[in-house]
Protein chains: 4
Amino acid sequence: LKKKKEMGVLPHKKDSTYTFQILQGVDDSGLSASYTDSSDDETSPRDKQQKNSKGSSDFCVKNIKQAEFGRREIEIAEQEMPALMALRKRAQGEKPLAGAKIVGCTHITAQTAVLMETLSALGAQCRWAACNIYSTLNEVAAALAESGFPVFAWKGESEDDFWWCIDRCVNVEGWQPNMILDDGGDLTHWIYKKYPNMFKKIKGIVEESVTGVHRLYQLSKAGKLCVPAMNVNDSVTKQKFDNLYCCRESILDGLKRTTDMMFGGKQVVVCGYGEVGKGCCAALKAMGSIVYVTEIDPICALQACMDGFRLVKLNEVIRQVDIVITCTGNKNVVTREHLDRMKNSCIVCNMGHSNTEIDVASLRTPELTWERVRSQVDHVIWPDGKRIVLLAEGRLLNLSCSTVPTFVLSITATTQALALIELYNAPEGRYKQDVYLLPKKMDEYVASLHLPTFDAHLTELTDEQAKYLGLNKNGPFKPNYYR
Amino acid sequence: LKKKKEMGVLPHKKDSTYTFQILQGVDDSGLSASYTDSSDDETSPRDKQQKNSKGSSDFCVKNIKQAEFGRREIEIAEQEMPALMALRKRAQGEKPLAGAKIVGCTHITAQTAVLMETLSALGAQCRWAACNIYSTLNEVAAALAESGFPVFAWKGESEDDFWWCIDRCVNVEGWQPNMILDDGGDLTHWIYKKYPNMFKKIKGIVEESVTGVHRLYQLSKAGKLCVPAMNVNDSVTKQKFDNLYCCRESILDGLKRTTDMMFGGKQVVVCGYGEVGKGCCAALKAMGSIVYVTEIDPICALQACMDGFRLVKLNEVIRQVDIVITCTGNKNVVTREHLDRMKNSCIVCNMGHSNTEIDVASLRTPELTWERVRSQVDHVIWPDGKRIVLLAEGRLLNLSCSTVPTFVLSITATTQALALIELYNAPEGRYKQDVYLLPKKMDEYVASLHLPTFDAHLTELTDEQAKYLGLNKNGPFKPNYYR
Amino acid sequence: LKKKKEMGVLPHKKDSTYTFQILQGVDDSGLSASYTDSSDDETSPRDKQQKNSKGSSDFCVKNIKQAEFGRREIEIAEQEMPALMALRKRAQGEKPLAGAKIVGCTHITAQTAVLMETLSALGAQCRWAACNIYSTLNEVAAALAESGFPVFAWKGESEDDFWWCIDRCVNVEGWQPNMILDDGGDLTHWIYKKYPNMFKKIKGIVEESVTGVHRLYQLSKAGKLCVPAMNVNDSVTKQKFDNLYCCRESILDGLKRTTDMMFGGKQVVVCGYGEVGKGCCAALKAMGSIVYVTEIDPICALQACMDGFRLVKLNEVIRQVDIVITCTGNKNVVTREHLDRMKNSCIVCNMGHSNTEIDVASLRTPELTWERVRSQVDHVIWPDGKRIVLLAEGRLLNLSCSTVPTFVLSITATTQALALIELYNAPEGRYKQDVYLLPKKMDEYVASLHLPTFDAHLTELTDEQAKYLGLNKNGPFKPNYYR
Amino acid sequence: LKKKKEMGVLPHKKDSTYTFQILQGVDDSGLSASYTDSSDDETSPRDKQQKNSKGSSDFCVKNIKQAEFGRREIEIAEQEMPALMALRKRAQGEKPLAGAKIVGCTHITAQTAVLMETLSALGAQCRWAACNIYSTLNEVAAALAESGFPVFAWKGESEDDFWWCIDRCVNVEGWQPNMILDDGGDLTHWIYKKYPNMFKKIKGIVEESVTGVHRLYQLSKAGKLCVPAMNVNDSVTKQKFDNLYCCRESILDGLKRTTDMMFGGKQVVVCGYGEVGKGCCAALKAMGSIVYVTEIDPICALQACMDGFRLVKLNEVIRQVDIVITCTGNKNVVTREHLDRMKNSCIVCNMGHSNTEIDVASLRTPELTWERVRSQVDHVIWPDGKRIVLLAEGRLLNLSCSTVPTFVLSITATTQALALIELYNAPEGRYKQDVYLLPKKMDEYVASLHLPTFDAHLTELTDEQAKYLGLNKNGPFKPNYYR
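Not measured: the values here are computed from a predicted model.

### What about the packing of helix α10 (residues 236-259) of chain C against helix α16 (residues 406-425) of chain C?
The angle between the axes and the distance between the axes are what describe a pair of packed helices.
Residue and element names in this part refer to chain C.
Point 1. The contact between α10 and α16 brings their axes to 10 Å, and the two run at 170 degrees. With respect to α16, the axis of α10 lies roughly antiparallel. In contact with Thr237, Lys238, Phe241, Asp242 and Cys246 of α10, α16 contributes Val408, Ile411, Thr412 and Thr415.
Point 2. Classifying every residue of the contact of α10 with α16 gives 4 nonpolar, 3 polar and 2 charged.

Structure representation (structure tokens):
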């Protein structure tokens, strides 16, 4: 299972740190607080008899007694997810999800809990499993179970446990889901395989991960997608905030936590000037680094020029730079040949796609010595004593070595909630058996729900202005393709 | 005519300064060098008998003797339009416009001359008129005529002259155009009206202005567009560079030239956070101004927040700001009520669309005194002595009070040339009777031709990488909607 | 005289644009509004009989009838010099200059007029001459004369006129100065030479220019300075604002007005990373230029590194840069050898000291062709056609090609006023026959008077905090050497 | 002892993280890697018999067997302290410390080891003790002992151990120190108290800490300082780099590691705009925060304005800000009243002096609940549920919650080495019994030794230029007061 799950999860941008570290069996990091009590007993949750305080036993978690601690985590998360809280408030009267029966398969974290309790407040019934065998926060799962959510998840599931949990969510007497919220596509896959008839009652799928979305598009191409699906991963707010603004901060965070280096005066080459590259470059320039950029696309290249970066080929600067950062989405952008030519102490890391960008495999040769100097930090040592500092073994730096702010998870969770509402309430025929992006107006709504965090005051169009612009006063304000 | 032409030209972003100043009868500015000798004789060019040194008289310009001075201007422009020069070189062998008969109607400037001579080098025959009665640089027209181009244009045409010139371009014995390059739509309109049959041989229209593009879309909607048309105005490179990067520089330039103010510490409100607003805000923040933003679109609003700007309603800050800048594309964004509440010496200007954003008309009331303190700078004085500093009477600041770098005009001219090549060479059926954007790959090509200016070195995909990404090694590198 | 005056004035940072342009006989610029009516009659003011409306004729100006226009200029300047206006208000009761008889010799501009009228409001009597034969704004002089100030100055004085005017200020029946406000040292020099006895009653000299200050230090070294003198030029506020913040803005302004170039993506080398260099680099980096720095001082060099600039020798980048800017205070920083190696269209200009930094003389050789393409812009053309764009013939770019904001002049004028008050009221013995910097506390006061412009609110120390820090609650807050 | 040591150490800017955390008994952080093996046996080092491989037992460390691991740490540090390595190389021939007998009392870290081995390479004999009972890295001490350095230090000394170690350094048969390198003043104090006669042979003291320097100035004032002392703490390079550039980076690092917050769009108030405040403001502005500044000094206030920050009183913004950062060097800048008015989730931290700036004591009242949510992070909870996030209990954020880059420690260590060389070699009479700053030229030399790290190339003056500027070609390049 491990291999398989990694494939499903690794390219998955939104996952939070601990998930990854746990997934990869890295427990020595100390980079993020460990919320999960690991001193638990060894009995499998499947073998335990547990009830919550209301007498229900329709759940399976590690230890229901951890509910109180989990509740506190959820309360802290609520404070930083004002958009979902606002959604609860605004939709209090209407219950737009009344009648919805949502089966979900996501990471089980405090942020997910806030989402689930919001869906519930909007009228939905939920059943939930974990999308990853390592990422469940046991106390959060306990708190959800205590509150009456049928949750089937714990940290450290076996492969068999994993599918058993999913099955327990969907295979219930007297309850059949009519909505799917998936992250990675495993839940969707299970229903396709085991209960294809269920799709007759299902109104739609909301999928958040790159991998899951990819699977949906393949189903769609093959003519096998039998309900509408919402691609949350590619919504404007998620892309723009996750990629540009988050990376602007997490590149600094990831480098500092792993190397304690000083940015001022350092020479850095950033491979790729898409949103991620733009964020990395802006941050490093602001901190006093001298940044070079490589690009294949002339338009992004011209933007790099206008933003004040020298556009070079990697070979031109590889001997002189102190840091190499990849954000291309491509493979073998940094080759063994490049690595051979880097100067002593050069730091190499990846902010882009998966773990393909740096040819790490090429470093696993007998003449090179690997030395683990910290969690996520390896020195690769050449015969002549030259050391390259490789971070996170070429996996995503910001997921492995920094944390993802709740604010970003909030944008995603809000988008998921709105996608569910939209699909559930859409009039017959609005959505076909295809993969959709959230309508522009919904995207705008997600953004608007996050403005109060910044005490930001939106201007409203006058009637006269709306008419002049040919716009509805409530949006959408831009064409769909506008980014 | 004047009124009509203004309507056609005013919202027209790309026009260079002098055009506007001249158009508006403002000759006292001194802000830009006057290249045109205004001490000419008063005889109408239509009444003159002129020949170039090769004996041709198939042109009508102010004074063929000014050719040498015009040639120098063209040579200077050539140095700053390397993309067109590269196009000449690269296409030397193939002559992709061999057989093309292009009739053009644009501003007649040194930059246009470089474009025309490039089209000629690519194999085309050209006939040209001016799209504006005031904007022709007579010496450039003379230089073109001397080089054998049938040019019909001079500064200060009458309305009758204007249409006469256009007619002389198209109504020729033994020559019929097969391509149209238009700026504002007047040439296209004339052919539609007078010589509709010509469209049978015309392969396409390339149009650059907002106004002209708007007309084409209306024709298309009405089912009356009878040839394919290329919308150059909305190409990525033009939009991104003209709006974001140019405005980043021209907002500072326009404010300095008109007011000599110091930016450091000034409080500024920028209305609108699209590309233009983003450029203005970035520049002013960098110069030490404190910038507030207003927005109607929550997504742009959230971007403003993340970029470090307080998002406010105009009313909240109108009493305290030193500068108000509009870039919304909307009307009456700054109302008389706002103007009444501004503090003494507040500067008000427009970087957005047309002259509608500030309700300047509301200031033309008896109790307010207008005092012209410099070219393009008015003090509007309230009864209590308060003065508002209104720039360019609310028209576009960067067109009225600063200059447009040749580099930007180069991007547009190159795009025009490529659009002509594309339409002229497109296989039957690729383009229908509709309005098109330049294919992504062409956009990328325009960008790539401007990279050498920055000594920028593009990276090429390896075969393996191209395969991995599913891309052609030569592009396009992004989907059409990517921006 | 011209030669001599240029020596006195050229290194003089604070001079405003027109002064310089006029001084250098450059009237064709159009860069700054010309306030002075040049169509005046040709009679020398010394030969005219003029009276102001109160019947006084104790002045000598071009044309007393221009007073009204001059008054308006002064009123506009008042609005941008709030510190002096505040000084008038705060000192209304006390009249700290009661009994002061100030003889002044400065540029006669609207800003100077605001200073003079402030001194008068503080209780002083003033007599004034111009420190430069070209820089007087005749209508301002007229307005001052009309208001009763004995002013002796006009634009276009002869050398004889110049000294005659100075003499008319000091050589008066029944009036003897007790304070000197000088700019360049000519007035001080004249009194030393002609009326040395006057120094018995003089309480001090306030001098603003580099040249004048230099002369005073020489007098002091030689033991010949017979009264205390205040060096206004080196006060913290003046240095920090004039050099860092002003240059940050004027480098952009100067380059744009002369060349209309685009900053984005341009490669620039800035020679010298003192305050001026820091300002230039910050601005250009912010506008998207790629900036290299040269330095001789390792501390400033390390600052450049930490601020994100590659520290190079000029030779390393001279072939590739688009712009060369000198701000070293040194000579021959850019040599003919460097100029020979620059690429075509490279722009060369000076923001530093005087006109020594670029070896312009080396370009005046027969094989090079000079072409004046605009006011202040020369193309120097090599035999192979390469053109170097030389701005302001190597003189100070920001003085020659941009304007100095009134806000900066306000800081200087306020410092002058406070220096006069301090010297006039200092108890016996506080100042000896030496050159002094303004006391820290006064510097802080000048700064505090400019804060309201920014609606800035200073925090006051509590008694407890003041005691903890060992400071007086009213300052000074830092040791003298703190910068 | 603990109290006393804290007083000596707390205001001590340069201390690295672990020191502080350990000192304060905070071992649960996980923020920095723990280099020290804490599973050691419990025997006091004073009771052990240990010899290094050469048979020497003139040392007292935890476990000589850890030498190899310590050596690796030292080697890693050497790579990031090129200035000391260069010093070793350059001074290879001359041995400027030949004959020097240096007794030192500093933190025992890898960086210190590089310093000690450099001093040794320069000819000095060294004996060393720890200046802090918790900060010694045992394995580094072991490595030094193995290399023959008489080192007396281990992690977790008792107070008695502490003074015993110091005494073992100075009270030796047949060896008497002639130089002191102190950090905190305890060593100096011990010699004053126990062996005052030693000062007859001592050529000088080099002191690095604020506390130690303060003690020296007091001795000097009291006329009791009997040898020259160098104040390393106030050298330009240390101040400018430690305060401005380091804080620019560590404010971001400290906030991220403790709170995982997102900077974009956050409202922050920074109290104090000295070097530290400037660094914090620049970084947060660059990351998209909206920053307000408070100041008492009008000059710094005006700089804040010109740099683009709203200058406010704390009261004006306290209700709206998300983060409050103090950097004033003052006390009670944030009072209980301010804390009462902050909004929920407001983060409060200190980057300034000691732990006085925030009135933390005022929060220790019964109605408020403290909740430790992470190492260094407390939630202080008001009766109404409002939570304030207090970092490091108001102590220095960057020392408590981030790390100090080796590069900065390198600057300090190099300055210490040069100060020792200068004092040891100074001709009779150059230094009196007073406290001195390092001569400008030495400061410049320290800077120059760090330039190669950035591949930075300094320009050399020509003879002609040096003469023109009146400078020696080798510096110093600026007057002493220049900063």
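Right, picking up where we left off after that structure.
### Some details on helix α17 (residues 440-450) of chain C
Point 1. Counting buried positions along α17 of chain C yields 10 of 11 residues, so the element is predominantly enclosed.
Point 2. Every buried residue belonging to α17 of chain C is among Lys440, Met442, Asp443, Glu444, Tyr445, Val446, Ala447, Ser448, Leu449 and His450 of chain C, and all of these are buried.
Point 3. Close packing links the buried residues of α17 of chain C with α4 (82-90), α10 and α16 of chain C together with α12 (298-306) of chain D.

### Some points on the relation of the copies chain B and chain D
Point 1. You can overlay chain B on chain D at an RMSD of 0.1 Å; the transform is a turn of 179 degrees with a shift of 0.1 Å along its axis. Taken together, the rotation and translation relating the two chain copies correspond to the operation of a two-fold axis.
Point 2. Here 100% of the interface residues in chain B have copies in chain D that are interface residues too; the copies meet face to matching face.

### Quick look at the UniProt feature "binding site: substrate" (unreviewed entry) in chain A
Residues and elements named next belong to chain A.
Point 1. Mapped onto this structure's residue numbering, the UniProt feature "binding site: substrate" (unreviewed entry) falls at Thr109, Asp183, Glu208, Lys238 and Asp242.
Point 2. One can find Lys238 in helix α10 (residues 236-259).
Point 3. In this structure Lys238 touches Val232, Asn233, Ile411, Thr412 and Thr415, once residues within four positions along its chain are discounted.
Point 4. Tracing the backbone through its elements, the reader meets Asp242 in helix α10.
Point 5. For Asp242, a count of 23 C-beta atoms within 10 Å gives the class buried.

### Let's talk about α4 of chain C
Residues and elements named next belong to chain C.
Point 1. Buried within α4 are the following residues: Ala83, Leu84 and Leu87. Seen from one end, α4 has its buried residues packed into an arc of 100 degrees, which puts them on one side.
Point 2. Taken together, the buried residues of α4 touch α5 (110-121), α16 and α17.

### Some points on the nonpolar core
Point 1. By size, the foremost hydrophobic cluster in this structure holds 629 residues, and its most contacted members are Leu420 of chain A, Leu420 of chain B, Leu420 of chain C together with Leu420 of chain D.
Point 2. Ignoring any residue separated from it by four or fewer positions in sequence, one finds Leu420 of chain C in contact with Leu97, Ile102, Leu119, Met179, Leu181 and Val206 of chain C.

### Considerations on the interface of chain D and chain C
Point 1. Contacts between chain D and chain C engage 42 residues on the former and 42 residues on the latter.
Point 2. Only α10 (236-259), α12, α13 (314-317), α17 (440-450) and α18 (463-469) of chain D provide two or more residues apiece to the side of chain D that touches chain C.
Point 3. Counting residues per element, the side of chain D that touches chain C draws most heavily on α12 of chain D, which supplies 6 residues.
Point 4. Along the lines of polarity and charge, the residues of the side of chain D that touches chain C split into 22 nonpolar, 9 polar and 11 charged.

### Description of the sheet that holds strand β2 (residues 125-130) of chain A
All names here are of chain A.
Point 1. Reading across the sheet, the 7 strands line up as β3-β2-β1-β4-β5-β6-β15 and stay open at both edges, with parallel pairing between neighbours. A single partner strand is all that each edge strand has here, and the edge strands are β3 (151-152) and β15 (435-437).
Point 2. Both strand β1 (residues 101-106) and strand β4 (residues 179-182) contribute to a ladder of 4 bridges, which runs parallel. Paired with Val103 across the two strands is Ile180, which belongs to β4.
Point 3. Along the sheet, helix α8 (residues 186-194) contacts β1, β2, β4 and β5 (204-207); its crossing angle with β4, the most-contacted strand, is approximately 135 degrees.

### Regarding the domain arrangement of chain A
Point 1. What the domain assignment lists for chain A is domain 1 (47-234 + 405-445) and domain 2 (244-394).
Point 2. Measuring from the centre of the C-alpha atoms in domain 1 of chain A to the corresponding centre in domain 2 of chain A gives 36 Å.

### Thoughts on the UniProt feature "binding site: NAD(+)" (unreviewed entry) in chain A
Residue and element names in this part refer to chain A.
Point 1. Within the UniProt annotation, "binding site: NAD(+)" (unreviewed entry) is assigned to Gly274, Glu275, Val276, Gly277, Lys278, Gly279, Glu295 and Asn398.
Point 2. Within the secondary structure, Glu275 is located in helix α11 (residues 275-286).
Point 3. Beyond its immediate chain neighbours, meaning those up to four positions away, Glu275 contacts Gln239, Lys240, Asn243 and Leu244.
Point 4. Within the secondary structure, Gly279 is located in helix α11.
Point 5. A count of 24 C-beta atoms within 10 Å places Gly279 in the buried class.

Cut-offs applied
Residues numbered from 1 in each chain as written. Chains lettered and ligands numbered in written order. Predicted model: local features only at pLDDT ≥ 70, side-chain atom pairs only at ≥ 80, totals over all residues. Axes fitted to C-alpha atoms, helices over the stretch in contact; angles between N-to-C directions. Helix = DSSP H or I, 4+ residues; strand = E, 2+ residues; numbered from the N terminus. Parallel < 35°, antiparallel > 145°, perpendicular 65-115°, else oblique. Contact = placed C-beta atoms within 7 Å. Nonpolar A, V, L, I, M, F, W, Y, C, P; charged D, E, K, R; others polar. Buried ≥ 20, exposed ≤ 12 C-beta atoms within 10 Å, placed from the backbone. Least-squares fit on C-alpha atoms with pLDDT ≥ 70 in both. UniProt positions renumbered as here; feature names shortened; annotations may be inferred. Arc of directions from axis to C-beta. Core = buried A, V, L, I, M, F, W, Y, C linked by C-beta atoms within 7 Å. Pairing = 2+ DSSP bridges. Domains from an automatic or database assignment.

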